[in-house]
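Residue strings, one per chain:
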Amino acid sequence: MIKPLFFSLFFLFSLTIHAQSTLISGKIIVDDADEVINLNGFVIENSTTNARTKADENGLFSIKVNEGDELIFKQIGIIERQLKISKNMINRSFIEVHVNIEVIELAETNIANLNKDMLNNLGKEKSLQEKLNDKMDISSIDFKASLNLNHEDAKVRRTISQVGGVNLMGLFNIFKNPVKRLKKVDKIEKNKHDVLLDLQKFYTVNYFVNDLKIPQGKIIDFLDYCYSNFNFYQLLEANNYDEILFIIEEQAPIYLSKIKENE
């Protein structure tokens, strides 16, 4: 008779404890925010009872608690906050919980401007010829303008010797700003194969083989497939390398499946 009585009393005691749980509501407030933060999904956990709930976008929530329970408030980017429930909080049935944004200090770093040439962004070392060109200032726009000026000068002199007099237009061209005249130099048109080789160099063999899983011997064929089907000519004219990269990454698995079918 003692055991049944003991278990009955224990059951009643448990019901009493459970009945003491109170549903309280609250609002999360981010103190140091410069703008309105969407708090939807902010987790509120009762570490005592393991009950969990989430706040809405305005930081409002409701959860069952007992006096002495500890609530944990956590969300990525916010410093975790712990709050012990007091009798006064339960009597008010509404609490305001103030939290702060987590500040992550980064080590000082120098950020360089991106170059259109992906190899430069990757920090590829220049070739010996490129280094010699830089040292001799051959790569500079002034040097190229100087070459252009000398070419125009020679052309005018040939005209003078041919007609036996002074060509005023030729003299005018000589004294024009050589840097501005450099822009009028006709662009050298490359054939399709050279363009494909340039694209392979631009994105690097390592990228095609290791990232896209394109066999090294198939890179040019893959680029030719993309070039022919997705109007690479206009994209290159517009220097739209982002769109080219998007197409290459999208078409790589499709191309691989095609060559696997043909094997």
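Definitions and limits used
- Residues numbered from 1 in each chain as written.
- Predicted model: local features only at pLDDT ≥ 70, side-chain atom pairs only at ≥ 80, totals over all residues.
- Heavy atoms only, no water.
- Helix = DSSP H or I, 4+ residues; strand = E, 2+ residues; numbered from the N terminus.
- Buried < 20%, exposed > 50% of the residue type's maximum accessible area, 1.4 Å probe, protein only.
- Contact = heavy atoms within 4.5 Å.
- Areas by Shrake-Rupley, 256 points an atom, 1.4 Å probe, with all protein chains shown as cover.
- Salt bridge = Lys/Arg side-chain N within 4 Å of Asp/Glu carboxyl O.
- Phe/Tyr/Trp six-rings, centres within 6.5 Å; stacked < 30°, edge-to-face > 60°.

Enquirer: Please give an account of the overall build of the protein that cites residues and values.
Expert: When helices and strands are tallied, the protein shows 12 helices and 7 strands. Expressed as a percentage of the 263 residues in the protein, the buried residues total 25%. In the protein, the share of contacts with a sequence separation of at least 24, taken over all contacts with a separation of at least 6, comes to 54%. Here the protein displays about 19,200 Å² of accessible surface, and carbon together with sulfur accounts for 55% of that area.

Enquirer: Describe in detail the pattern of salt bridges, supporting the description with residues and values.
Expert: Scanning the entire structure with this criterion turns up 3 salt bridges. A salt bridge links Glu45 to Arg52, with the shortest nitrogen-to-oxygen separation between them at 3.3 Å. Accessibility expressed as a relative area gives 53% for Arg52, which makes it exposed. Asp224 is the partner of Lys192 in a salt bridge, and the nearest nitrogen-oxygen pair spans 2.5 Å. With Lys192 in helix 8 (residues 192-203) and Asp224 in helix 10 (residues 219-229), this residue pair connects regions lying 32 residues apart in the sequence. Judged by its relative accessible area of 26%, Asp224 is partly exposed. Here the salt bridges do not stand alone but share partners, grouping Glu45, Arg52 and Lys74 into one network.

Enquirer: Lay out the packing of aromatic side chains with the relevant residues and their values.
Expert: If you walk through the whole model with that rule in mind, you get 9 aromatic pairs. Here the aromatic rings of Phe61 and Phe73 are separated by 5.7 Å at their centres, their planes lie at 70°, and the arrangement is edge-to-face. With a gap of 12 residues between them, Phe61 in strand 4 (residues 60-65) and Phe73 in strand 5 (residues 70-75) connect regions that are remote in the sequence. Ring geometry for Tyr227 versus Phe232: centroids 6.3 Å apart, planes at 70°, classification edge-to-face. In this structure, Tyr227 and Phe232 share a single accessibility class: buried. Connected via pairs of aromatic rings, a cluster forms that spans Phe202, Tyr203, Tyr207, Phe208, Phe222, Tyr225, Tyr241 and Tyr255.

So yeah, pure geometry; function would need other evidence.
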